[in-house]
Amino acid sequence: MKIQAIETFYVAVPLTKPFKTALRTVTTAFSVVVKVTSDEGKVGYGEAPPTHVITGESLESIQYAINEIISPQLIGLSLLEKEIIFQKLHKALVRNTSAKAAVDMAIFDLLGQYAELPLYQYLGGYRNSLTTDFTVSVNEPAEMAEDAERYVREGFQILKVKVGIGTIQEDIERIEAIRRRVGKDIKIRLDANQGWNAKEAVRAIGTMEDTGLNIEFVEQPVPAEDLEGLKYVTERTATPIMADESVFSIYDAKRVLEMRAADLINIKLMKSGGIYQALKINTLAEANDITCMVGSMIETKIGITAAAHLAASQPNILFYDFDAPLMLAEDIVTGGIIYQASTMTFSKSYGLGIASVKIGEGQK
Ligand code: MG
């Protein structure tokens, strides 16, 4: 039950439609796939996409962190001593959370396989299916309304709408156009990706409340570092406010919770450094009566499968943003999470249940 080898590979998968937020436009999903092999030949998979504008990591930095820094510290360690593995993983270097997440999820994949349980059951087994939202990229109101209508037709009842570009008035027009098109029964949640300042956010959200646009919650209205601004918005709006880019580590979560700066927290493996730390953040949030969402970066089905297993395992995780693999032109994973429109279920396979990953031309 020892870690025998850790290998990394590049993958690149085009998106069917550009993904546009206040921070970036993505047309191809790049990722570093990690394969951890045990001395008995079991294989655990993980991945880390380079999300420069959020985590600061690149394909090269992720590979370097894993191959040169993390791997030498973990090779030879026993999976029976997982606390030692995760202590070493997180102390190996500061930040580089996506690199750590990739290794962490591959280790959890192996732990599930050795326990002979699907990972969500190994972690707690609270639910066995999830409902994901689908993201509407930020564009002109008419195009967004058209996209929204198509996603609803495809079976999505919850839309996550990206805003935070241009004026507040333009953002309000975007939501009005979508609400008119999809009707009142579809849930709409917003993500401003730090695109507003605190006063703009209060004005935008207040107007949406007054005009009955019925927004479920608003993610990260203000810049990540502006916790005072986040608190200002949270105190002055009735709509729940969710911290995303403001919370990477458990220490970030602790500060947001102490300040009561947000109503909800969005946990992503790529920010927390994987499942081990994500569980701690969720437990801390739960102790403060704050519920969580689990979301993702633009990831393939490897990362989303790990995130979905985590999300399903815990009663305090109530919101799910797992549409990224559905935006990709190709599924490079055999096995893993199963989609039927917005419903996600798990196979009975152990660990992450990933049978194989299509890896390109030996780009190691
Ligand atoms: Mg977000």
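Basis of the calculations
- Residues numbered from 1 in each chain as written.
- Predicted model: local features only at pLDDT ≥ 70, side-chain atom pairs only at ≥ 80, totals over all residues.
- Heavy atoms only, no water.
- Donors = N, O, S within 2.8 Å, 3.2 Å for Na, K, Ca; no water.
- Helix = DSSP H or I, 4+ residues; strand = E, 2+ residues; numbered from the N terminus.
- Domains from an automatic or database assignment.
- Contact = heavy atoms within 4.5 Å.
- Buried area = accessible area lost by both parts, 1.4 Å probe.
- Salt bridge = Lys/Arg side-chain N within 4 Å of Asp/Glu carboxyl O.
- Polar contact = N/O pair within 3.5 Å; in protein donor to acceptor, adjacent residues only side chain to side chain.
- Buried < 20%, exposed > 50% of the residue type's maximum accessible area, 1.4 Å probe, protein only.
- Axes fitted to C-alpha atoms, helices over the stretch in contact; angles between N-to-C directions.
- Parallel < 35°, antiparallel > 145°, perpendicular 65-115°, else oblique.
- Left-handed = near helix turned anticlockwise from the far one by under 90°.

Caption draft 1: Main features of the coordination of the magnesium ion. Distances from the magnesium ion to its protein donors, namely Asp191 (OD), Glu219 (OE) and Asp244 (OD), fall within the range 2.0 to 2.2 Å. Mapped onto the sequence, the donors of the magnesium ion take the spacing D-x27-E-x24-D. Of the two residues, aspartate 191 sits in strand β7 (residues 187–191) while glutamate 219 sits in strand β8 (residues 215–219), which places them 28 residues apart along the sequence.

Caption draft 2: Quick look at the domain arrangement of the protein. Here the domain parsing of the protein yields domain 1 (3–116) and domain 2 (122–357). Centre-to-centre separation of domain 1 and domain 2, based on C-alpha positions: 22 Å. Listed as interface residues are 42 residues of domain 1 and, on the opposing side, 50 residues of domain 2. Taken over both partners, the interface formed by domain 1 and domain 2 buries close to 3700 Å², and the fraction arising from carbon and sulfur atoms is 69%. Interface area lost by domain 1 to domain 2 is led by Lys17, Tyr45 and Glu47, which between them contribute 15%. Counting the contacts that link domain 1 with domain 2 gives two salt bridges. A salt bridge links lysine 17 to aspartate 147, with the shortest nitrogen-to-oxygen separation between them at 3.1 Å. Taken together, domain 1 and domain 2 are joined by 17 residue pairs in polar contact (both at pLDDT 80 or more). Where the side of domain 1 that touches domain 2 is concerned, the elements lending two or more residues are β1 (3–20), β2 (25–38), β3 (43–48), α1 (52–55), α3 (82–91) and α4 (97–115). The element contributing the most residues to the side of domain 1 that touches domain 2 is α4, with twelve residues.

Caption draft 3: Inspection of unusual backbone geometry at higher detail. For asparagine 214, which is not a glycine, the phi torsion comes out positive at approximately 55°. Following the sequence through the fold, asparagine 214 ends up in the loop between α8 (198–210) and β8. Note on asparagine 214: relative accessible area 54%, which makes it exposed. A positive phi angle is found at glutamine 220, which is not glycine, with a value near 35°. Turning to its location among the elements, glutamine 220 is positioned in the loop between β8 and α9 (227–236).

Caption draft 4: Spotlight on the side chain of lysine 160. Relative to the helices and strands, lysine 160 is located in strand β6 (residues 158–162). A polar atom in the side chain of lysine 160 sits 2.8 Å from the side chain of glutamate 219. Apart from residues lying up to four places away in sequence, lysine 160 is in contact with Asp133, Phe134, Thr135, Val136, Arg189, Asp191, Glu219, Asn266, Met293 and Asp321.

Caption draft 5: Just the environment of glutamate 225, in detail. Tracing the chain through its elements places glutamate 225 in the loop between β8 and α9. On a C-alpha basis, the gap between glutamate 225 and valine 247 in space is 9.4 Å, while along the polypeptide they are 22 residues apart.

Caption draft 6: Expanded view of the packing of helix α10 (residues 250–259) against helix α12 (residues 275–287). Put simply, α10 and α12 touch, their axes get as near as 9 Å, and they point 15° apart. Taken together, α10 and α12 sit at an angle that is classed as roughly parallel. Of the two possible hands of crossing, α10 and α12 adopt the one that is right-handed. For the pair formed by α10 and α12, the contact residues are Ile250, Ala253, Lys254 and Leu257 on the first element and Lys280, Ile281, Leu284 and Ala285 on the second.

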